[in-house]
Amino acid sequence: MYSETNKLIAEFMGWKFIKGSKVGIDGYPFGGHDGFELSDVWVLNPTEKYLNNPCHYHYEYMDGKYNDDIEQSDLFEDYTYENGLEYHSSWDWLMPVVEKIENLNLKEFFFKWNEEEKIRYNFMSVCVDISYNYCNIYVELELDPPYEISSVTLNNKIESVYKAVVNFINWYNEKNN
C-alpha cells in the first residue's frame, strides 16, 4: 500500500534505488553460475565512487564482505534495503521530509516583479501546520493570501502528515517539469 509513495518520498529526499545483481566472488559484476545475488537497496546521497561500481561496493560494504579501507562516507550517507523505507510509520523518517519542505525556496514558482531595479518575489516561505489528525501545507506570499497546496485530515497524525507530504511532492514534481 505504501511502497510507491515511500519511493516517491525517498527520491525527493535524495535516495537512489540500486537494483541488486549477480556478482562473482570478488564483488564485481558476474554473469556466471558461480556468483550470488545482491539485495535491492536504497542509498542516500551516493558518491560518484559508489555509482561508478555499485555492485562492488554493495558486495564489500552492505553484504558483510567489509573492506577496512572503505568508509561509509566514501560511498553514501546511509542505506536501507528495498522494503526498509518507513516514511509511512516512523516520525524519525517523516520529520526530515517536513523540514526539507519547510526549507524549500519556491520563489520561481510564484509571481515576481521589478521594483527600483531589483527583482522582488511574492514567495515568502513554505509552512507545514500539524495538529491532532490534521496537516496543512501552504505557501506564505507577500502580496497574496496563503496558497494552499495540501490539507489532509485522516484517522491519526502520522497518516495525515504522510498524505499531505505525498500531495506536496506530487505538486512540487509537477511544477518542476
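The text that follows walks through the structure, step by step, so that each part is easy to find.

Cut-offs and rules
- Residues numbered from 1 in each chain as written.
- Predicted model: local features only at pLDDT ≥ 70, side-chain atom pairs only at ≥ 80, totals over all residues.
- Heavy atoms only, no water.
- Helix = DSSP H or I, 4+ residues; strand = E, 2+ residues; numbered from the N terminus.
- Contact = heavy atoms within 4.5 Å.
- Areas by Shrake-Rupley, 256 points an atom, 1.4 Å probe, with all protein chains shown as cover.
- Polar contact = N/O pair within 3.5 Å; in protein donor to acceptor, adjacent residues only side chain to side chain.
- Pairing = 2+ DSSP bridges.
- Axes fitted to C-alpha atoms, helices over the stretch in contact; angles between N-to-C directions.
- Parallel < 35°, antiparallel > 145°, perpendicular 65-115°, else oblique.
- Left-handed = near helix turned anticlockwise from the far one by under 90°.
- Nonpolar A, V, L, I, M, F, W, Y, C, P; charged D, E, K, R; others polar.

Here we come to the overall build of the chain. For the chain, the count of helices and strands is 5 helices and 10 strands. Nonlocal contacts in the chain, meaning residues at least 24 apart in sequence, comprise 52% of its contacts between residues at least 6 apart. Element-wise, carbon and sulfur atoms account for 46% of the exposed surface of the chain, whose accessible area totals about 10300 Å².

Along the chain, Asn156 turns up in the loop between β10 (147-153) and α5 (157-176). For the pair Asn156 and Tyr132, spaced 24 residues apart in the sequence, the C-alpha separation amounts to 7.2 Å. Here Glu159 takes part through its backbone nitrogen, which lies 2.9 Å from a polar atom of the side chain of Asn156.

This brings us to the sheet that holds β10. The sheet built from 3 strands is open, its strands ordered β8-β9-β10 with antiparallel pairing. Looking at the sheet topology across the chains shown, the edges are occupied by β8 (123-131) and β10. When strand polarity is set aside, the average angle formed by the axes of neighbouring strands in this sheet is 10°. Bridging between strand β9 (residues 134-141) and β10 involves 6 bridges; their strand directions are antiparallel. Bridge pairing in β10 places Tyr138 opposite Glu148. Taken strand by strand, helix α4 (residues 91-102) contacts β8 and β9, and its axis lies near 155° from that of β8. Where α5 meets the sheet, its contacts fall on β8, β9 and β10, and the angle it forms with β10 comes to roughly 150°.

Below, the discussion takes up the packing of α4 against α5. Taken N-terminus to C-terminus, the directions of α4 and α5 make an angle of 40°; their axes are 11 Å apart at the nearest point. The angle between α4 and α5 places the two elements in the oblique class. Taken as a pair, α4 and α5 cross one another with a handedness that is left-handed. From α4, Trp91, Leu94, Val97, Val98 and Ile101 reach across to α5, where they touch Lys157, Ile158, Val161, Tyr162, Val165, Phe168 and Ile169. In terms of residue class, the contact of α4 with α5 is built from 11 nonpolar, no polar and 1 charged.

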